[in-house]
Amino acid sequence: MVDVSGVRRAINIGLLEGEPLAAGDWILIHVGFALSKIDETEARAALDFLESIGEAYDEEIAALRESMIEQG
């Protein structure tokens, strides 16, 4: 089980066979698979990047909605 931004979910750790894992470790996961063990600095940088993508997407959608011309 992992905690991803407050959401607990099960992941497959088969790709990390032989890697010592412990509670509190940072793990790079994608579509339910643990890909690699990473350090906290790398994990925080990845989280910051993903959050910035989300913010940019939200801003793009808001700008698009504001620029729509009513047809009719």
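Novice: So what exactly am I meant to see when it comes to the overall build of the protein here?
Specialist: The helix and strand tally for the protein stands at one helix and four strands. Mapped in sequence order, the helices and strands of the protein form the string β-β-β-β-α. By the compact-globule yardstick of 11 Å for 72 residues, the protein is too spread out, its C-alpha radius of gyration being 18 Å. Across its three principal axes, the protein shows a C-alpha extent of roughly 65 × 25 × 20 Å. Within the protein, the fraction of its 72 residues that count as buried is 10%. Across the protein, the fraction of contacts at a sequence separation of at least 24, relative to all contacts at a separation of at least 6, is 6%.

Procedures and definitions
- Residues numbered from 1 in each chain as written.
- Predicted model: local features only at pLDDT ≥ 70, side-chain atom pairs only at ≥ 80, totals over all residues.
- Heavy atoms only, no water.
- Helix = DSSP H or I, 4+ residues; strand = E, 2+ residues; numbered from the N terminus.
- Rg over C-alpha atoms; globule rule 2.2 N^0.38 Å.
- Buried < 20%, exposed > 50% of the residue type's maximum accessible area, 1.4 Å probe, protein only.
- Contact = heavy atoms within 4.5 Å.

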